[in-house]
Structure formats: structure tokens, C-alpha cells
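# Structural description and commentary
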Amino acid sequence: MASITLEELRQKVGETGASSPVNRQIAEFITGHLREVSLMTASELADAAHVSQASVTRFCTALGLSGFSEFVAVLQDLVREEWQAPERVRYLKGPSYPDADPLLQQEWENLQRLSRICAGPGVDEMVDFLVKAPRLVIAGARASGTLVPYAAYFLNKVRDRVEVATPGTLTWDALVTHYQSDVAVLAYVYPRYPNSLVQWLKDLSEAGVPIAAMTDRDRSPVHPIANPCLVVPVASASLFDSYAAPLVLTNYLIRQVAARVPDIERRLKAIEQYDMVHHIYHQRPSRERVPEP
């Protein structure tokens, strides 16, 4: 069911519900409460639909899935950008997870997926994009915008002409008012997909600006206009989305970019020398013995 749409899922749920009265109860509750069900446990769904937990498991199996866990994962992938913070308060009940906290479990699974992502052609294409862009603008908005400073800070250490564009910055406003042929944009586009960011990227793409993106799924609104477009998942099992995998992959990309920068060692030494001369970082006091009076 990896590529199923929400409408197709609704149809399969309805067809499965027609097979028995119990399944009809489950199907009717699911189709009427998709967003709520995506945040439920199997026992919570059973209680809400007034059936047994075993019936919920059998229903999910009848859908062609391994069980409730796979069903809710599919449903979450389709509707989680619609989640609202008050609904996520359920994740504050940490002790209700007997085996492993779902946030930690999701992040662990996401990090394990990075090996496969890094082995794909998309990463090499992204490194080429980051190396060859004459002027690289890192962009994002709202939650996606929190990834921008990290990427820009470290990319600035390994290459020239890296800028930040978030709503309200001069770069953000300037890029959409007149075409700049030397610009390429790397965008972080994660749920809940800010309209301001999506429209800004569409406007730039129509103007001929090359767009690369990191996002969470093939159905992301940036996918049709970004090339390359890396799909890197976030963990949703918390009050707010968690971005461990995108941050780790960003660091990996920066390392790959640095490996292709001529004389990178000299560049990094110059940065370190400047930092030392200007006392940028805290230094431990000298251990030299102070003469006694």
C-alpha cells in the first residue's frame, strides 16, 4: 500500500466493511474519523467502534496489511499534515507505551533508512547541485525553516556564497521580484507544508530558478518542481515533528560537498585561525603555574 491515495484507502475500507456487521462498524468509524484514527491505538479504535481488539486486527489483515500497526502507518502518511497540536497531546502520556516510546522507535527506523537513501542516485545528484550552484540559497518556512540555519551555517564553512531565505528576509523578497540567473535554491519542505513556502518555490520555478528539496514523501507539494528531491522522513509521534533523519542527512551532504572542494583543508584551517585570534570560543584557563608572591 506504499503508493495508495487517501481515496483508494477509503474505498478499500468500505469494501472490507461490507463483508460482515462487525467490519461494517469498524469501517464506518474509520471513514468518519480518519484523522482521529491515525492517532489511536488498536485498543482505542476497538473501544470507539464497540468491537473487540481482535476484530480490529482481523479487519486490518483483511485490508491486505500485516496488522493494525501497518494500517495506522499508512493512514498517518496520508493525513498527518492535517494533525493539530491539541490532538497530539496524547503523546504526552509517555508511560502508556510499554515497549518503546513511539517517537524513539520512529526516529530509529528513520535513521536506519538513511543507508538506503545515501546509496541511491538522488544523494549524488544533490551533492552535484550543492557544489555547482554559483549562489546557493537555503530556504524554508515555519517548522521547515528551523532546519535552514543548521544547513547554511556549515555549508558556509565549506563553500562560498551561501544565503538564507525565510519569510520576511531580504533574500526571500528579492528572489521573487526579479530573476537572478546565478541562484539555485535548496528548500526544506516538511509538514504542515506552509503555503507561503510552496507558492514561493512555485514562483521561482516558473521563473527558471533551479530548485532542489528535501521533503518527507513523494506526494509532497514540492516534488513536481524540485530536481533533485530527496525523500527523508520525519518522526511524527510527538507533540511536534522530530527531524533527526533530515539533520543527519544534511550533515552527510555537507561532508560530501567538502570532499569535492579544492584545498578544503586550507579553507578550514583559515576559519580555525580566525576563530582563535578573535577568541570566538571559550577556552580553558592556562595550566601554567602562577608564581608565588
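Counting of residues starts from 1 at the beginning of each chain's written sequence and follows it residue by residue. At least 70 in pLDDT is required for a residue's local features to be given in this predicted model, at least 80 for side-chain atom pairs to be given and counted, and no such filter applies to totals for whole chains, interfaces and linings, which use all residues. Note: side-chain values were computed over all heavy atoms of the structure, leaving out hydrogens and water.

### Some points on the overall build of the protein chain
Elements are defined by DSSP. Helices are runs of H or I of four residues or more, strands are runs of E of two residues or more, and each kind is numbered from the N terminus. Tallying secondary structure elements over the protein chain gives 14 helices and five strands in all. Counting all 293 residues of the protein chain, 44% fall into the buried class. With the model as given, the accessible surface of the protein chain reaches about 16,100 Å², and the carbon-plus-sulfur share is 54%. Only protein chains enter the accessibility calculation, which uses a 1.4 Å probe; a residue whose area is less than 20% of its type maximum is buried, one above 50% is exposed, and one in between is partly exposed. Method for areas: the Shrake-Rupley scheme with a 1.4 Å probe, in which residue coverage is limited to the protein chains shown.

### Focus on the packing of helix α2 (residues 21–32) against helix α4 (residues 42–49)
Running from amino to carboxyl end, α2 crosses α4 at an angle of 105°, the nearest separation of the two axes being 9 Å. One element, α2, and the other, α4, form an angle in the roughly perpendicular class. The residues of α4 that touch α2, namely those facing Gln25, Ile26, Phe29 and Ile30, are Leu45, Ala48 and Ala49. Only the stretch in contact is used when a helix axis is fitted, and all axes are lines through C-alpha atoms; the angle between N-to-C directions ranges over 0 to 180 degrees. Here roughly perpendicular refers to angles of 65 to 115 degrees, roughly parallel to angles under 35, roughly antiparallel to angles over 145, and oblique to all remaining angles. In what follows, residue pairs with any heavy atoms lying within 4.5 Å of each other are defined as contacts.

### Some points on the pattern of salt bridges
Every case where a carboxyl oxygen of Asp or Glu lies within 4 Å of a side-chain nitrogen of Lys or Arg is listed as a salt bridge. Evaluation of the coordinates by the stated rule reveals eight salt bridges. With its nearest N and O atoms 3.5 Å apart, the salt bridge here joins Lys269 to Glu265. Note that Lys269 and Glu265 are positioned in helix α14 (residues 264–277) at a spacing of four residues, about one turn of the helix. The exposure classification of Lys269 matches that of Glu265, with both residues exposed. Salt bridges sharing common partners tie together Arg135, Arg161, Glu163 and Asp182.

### Topic: helix α6 (residues 68–79)
A helix is expected to span 1.5 Å multiplied by its residue count minus one. For α6, spanning twelve residues, the distance from its first C-alpha to its last is 16 Å, which sits close to the expected 16 Å at 1.5 Å a residue. Listing the buried residues of α6 in full gives Phe68, Phe71, Val72, Val74, Leu75, Gln76, Leu78 and Val79. In this structure, the buried side of α6 is in contact with α1 (6–17), α2, α3 (34–37), α4, α5 (53–62) and α7 (102–119).

### Section: the nonpolar core
Residues belong to a common nonpolar core when they are buried Ala, Val, Leu, Ile, Met, Phe, Trp, Tyr or Cys residues joined through side-chain atoms within 4.5 Å. If you look at the biggest cluster of nonpolar residues, it comprises 36 residues, and the most contacted ones within it are Ile138, Tyr188, Leu249 and Leu253. Counting only elements with at least two residues in this core, the list comes to α7, α8 (121–132), β1 (135–139), α10 (148–158), β3 (183–189), β4 (211–215) and α13 (244–259). Counting residues per element, this core draws most heavily on α13, which supplies six residues. Setting aside residues no more than four positions away along its own chain, Ile138 makes contact with Val148, Ala151, Ala152, Leu155, Val162, Glu163, Val164, Ala165, Leu186 and Tyr188. By size, the runner-up hydrophobic cluster in this structure holds 27 residues, among which are Val37, Met40, Leu63 and Leu75.

### Brief notes about the sheet that holds strand β5 (residues 229–231)
Hydrogen bonding along the main chain pairs the strands of a sheet, whether they run parallel or antiparallel. DSSP-based pairing: two strands are paired if at least 2 bridges between them are found. Ordered in space as β2-β1-β3-β4-β5, the five strands form an open sheet in which the pairing is parallel. A strand with exactly one partner marks an edge of an open sheet, and here the two such strands are β2 (162–165) and β5. Strand-to-strand, the axes of this sheet are offset by a mean angle of 15°, without reference to chain direction. Pairing geometry for β4 and β5, over three bridges, is parallel. Across the sheet, residue Met214 finds its bridge partner in β5, namely Leu230. This element, α8, spans β1, β3, β4 and β5 of the sheet and lies at about 135° to β3. Sheet strands in contact with α10 are β1, β2 and β3, and its direction is about 155° off that of β1.

### Quick notes on a nonpolar patch on the surface
Among the surface-exposed residues, Tyr153, Phe154, Tyr274, Ile280 and Tyr281 lie close enough to one another that they form a single nonpolar patch of about 510 Å² accessible area. Looking at the element boundaries, Tyr281 is found in the segment after α14. Classification of Tyr281 as partly exposed rests on a relative accessible area of 45%. Patches here are clusters of residues that have more than 30% relative accessible area and form no salt bridge, with a 9 Å joining cutoff for like charges and a 5 Å cutoff for nonpolar side chains (Val, Leu, Ile, Met, Phe, Trp, Tyr).

### Thoughts on the packing of helix α11 (residues 170–177) against helix α12 (residues 195–206)
α12 packs onto α11 with a crossing angle of 40° between their chain directions and a minimal axis gap of 9 Å. When the axes of α11 and α12 are compared, the pair comes out oblique. Taken as a pair, α11 and α12 cross one another with a handedness that is left-handed. Seen from α11, the contacting residues are Trp172, Leu175 and Val176; seen from α12, they are Ser196, Leu197, Trp200 and Leu204. Three residue categories are used. Nonpolar comprises Ala, Val, Leu, Ile, Met, Phe, Trp, Tyr, Cys and Pro, charged comprises Asp, Glu, Lys and Arg, and polar comprises the others, including Gly. Residue composition of the contact of α11 with α12, grouped by class: six nonpolar, one polar and no charged. For any pair of crossing helices, the crossing counts as left-handed if the nearer helix is rotated counterclockwise from the farther one by less than a right angle, and right-handed if it is rotated clockwise.

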